[in-house]
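Secondary and tertiary structure notes
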Amino acid sequence: MESHNAEGIKIVNLKEITDLNQFLDKVGRAVCNLYNSAGNLLIAKGKMVPQRLFNQKVFAVNYNQPEQDTGKTTEPVLEVSQGTGESQKKKPLLSDFINPKVKEDFQKAFSEITEIFKLETPPDKKVERAYGIIDSTINTDLRALNSCIFALRTRDTYTYNHSLSVYTIMIQSLKSFMEYQNEDRFWDTFKQQCVKVNFSPANLRKYSLAALLHDLGKTLIPPSILNKPGRLSEEEFGVMKKHPAAGLILLKKAGIEDREIFQIVGNHHPSYPSFSGEEQNPIITIATIIDIYDALRSRRVYKDPLDWDTTKRILKEEQGKQIWDPFIFSVLTEKVFEDLEKDRTDLLERTMKSA
Ligand SMILES: [Fe+2]
Ligand SMILES: [Fe+2]
């Protein structure tokens, strides 16, 4: 769309905003200039957006590249927002938005994963094998994955970091479970159920990928709900509960079609499953426990990170309620998380010494 504003200045690429929430920062200020359909400025970047604007058509210039420097751009979300009419039909897939800059961001994301992994894990063979998985991931799903990673990165810093964290812990966990392959309890948990888990390299990659993208649907949740400092209202929680289902929609749009990935992404919150028709896959339990562990140990706008002892106590209480598989629970809490915590303490001590 092209027009002239009241001053006669030519406005090019004026595009309608379908969800104004996505153009607000945490306190409700505009993250870019907002215009009416005639190209006249309604609200300048950085100004509070009044409620009345939600009832009218609002436009932005080049809204695929919002003029902000906070690292919280909104482009992948806008591509899939539910508009109406002709423009909706022509909306491209997420995977159509790959450009050199995105690619660069993707490569950077993966080098960050590598760095995180280096920090959290001693430089032994585990890390080497994990690199192999990461390499395979890059080679296999580059195009589809690019867009998903970019969506996470640009939409919400916490979700991005949390996703990387769940991803790296998933890799470590799968490797740890494999060390028990000769034990009955490994077979009882992973081979005797309706869904048999295959620990081939291709499957490890797939499960890790599902862990990385488990909260992809949060890129469609308004920041006002996602980052709300206080308790969510019932209505807000209702919106939040849609993120696993939204994740499935985004995965399909990005060209990722895999039943197990859908199971893990769709059902990582057992109390509100979004993918049905299949028996419980034990990998979902692993993803769920890692997800809770990382969330409890992370800082959010509304809470400080919990210490490891408190986290462990809460996980045990949850175990009582959820009846997670005892083998999965014990390997995660007594080995994987304990090792992580030890690495974290070592790292902190080393950092303090070198400061
Ligand atoms: Fe989630
Ligand atoms: Fe999560």
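Calculation criteria
Residues numbered from 1 in each chain as written. Chains lettered and ligands numbered in written order. Predicted model: local features only at pLDDT ≥ 70, side-chain atom pairs only at ≥ 80, totals over all residues. Helix = DSSP H or I, 4+ residues; strand = E, 2+ residues; numbered from the N terminus. Contact = placed C-beta atoms within 7 Å. Buried ≥ 20, exposed ≤ 12 C-beta atoms within 10 Å, placed from the backbone. pLDDT = per-residue confidence, 0-100. Axes fitted to C-alpha atoms, helices over the stretch in contact; angles between N-to-C directions. Left-handed = near helix turned anticlockwise from the far one by under 90°. Nonpolar A, V, L, I, M, F, W, Y, C, P; charged D, E, K, R; others polar. Core = buried A, V, L, I, M, F, W, Y, C linked by C-beta atoms within 7 Å.

Before going further, it helps to spend a moment on the overall build of the chain. Check the secondary structure of the chain and you find 14 helices and 6 strands. Long-range contacts, defined as pairs at least 24 residues apart, comprise 67% of the intrachain contacts of the chain with a sequence gap of at least 6.

Here the focus is the environment of Leu-164. Following the sequence through the fold, Leu-164 ends up in helix 5 (residues 157–178). C-alpha of Leu-164 to C-alpha of Leu-213: the two residues are 49 residues apart in sequence and 8.9 Å apart in space.

Positive phi outside glycine occurs at Ile-323, with the angle close to 55°. Note on placement: Ile-323 falls in the loop between helix 13 (308–322) and helix 14 (326–354). Overall, Ile-323 belongs to the exposed group, with 10 C-beta atoms counted inside 10 Å.

Mean pLDDT over the chain: 75, with 69% of residues reaching 70 or higher. The spread of mean pLDDT over the elements of the chain runs between helix 1 (residues 75–80), the lowest at 29, and helix 12 (residues 282–296), the highest at 95. For the stretch residues 64–103, pLDDT sits under 50, and the model shows 71 contacts to residues farther than four places along the chain or on other chains. Under a pLDDT of 50 for its full length, residues 136–141 has, in the predicted model, 10 contacts with residues more than four places off or in other chains.

Between helix 7 (residues 201–212) and helix 11 (residues 259–266), the least distance of the axes is 9 Å, while the angle of their chain directions is 35°. Of the two possible hands of crossing, helix 7 and helix 11 adopt the one that is right-handed. The residues of helix 11 that touch helix 7, namely those facing Lys-206, Tyr-207, Leu-209 and Ala-210, are Glu-260, Ile-261, Ile-264 and Val-265. Within the contact of helix 7 with helix 11, the residues separate by chemical class into 6 nonpolar, no polar and 2 charged.

Within the largest apolar cluster, 49 residues are counted, with the highest numbers of intra-cluster contacts made by Met-170, Ala-210, Ala-211, Leu-251, Ala-287 and Ile-290. Those elements that provide at least two residues to this core are helix 4 (125–155), helix 5, helix 7, helix 10 (243–253), helix 11, helix 12 and helix 14. Here this core takes 9 residues from helix 5, the largest share from any one element. Sequence-distant contacts of Ala-211, defined by excluding residues within four places in its chain, comprise Val-166, Tyr-167, Met-170, Ala-287 and Ile-290. Among the nonpolar cores identified, the runner-up in size contains 12 residues, and Phe-23, Leu-24, Val-31 and Val-58 belong to it.

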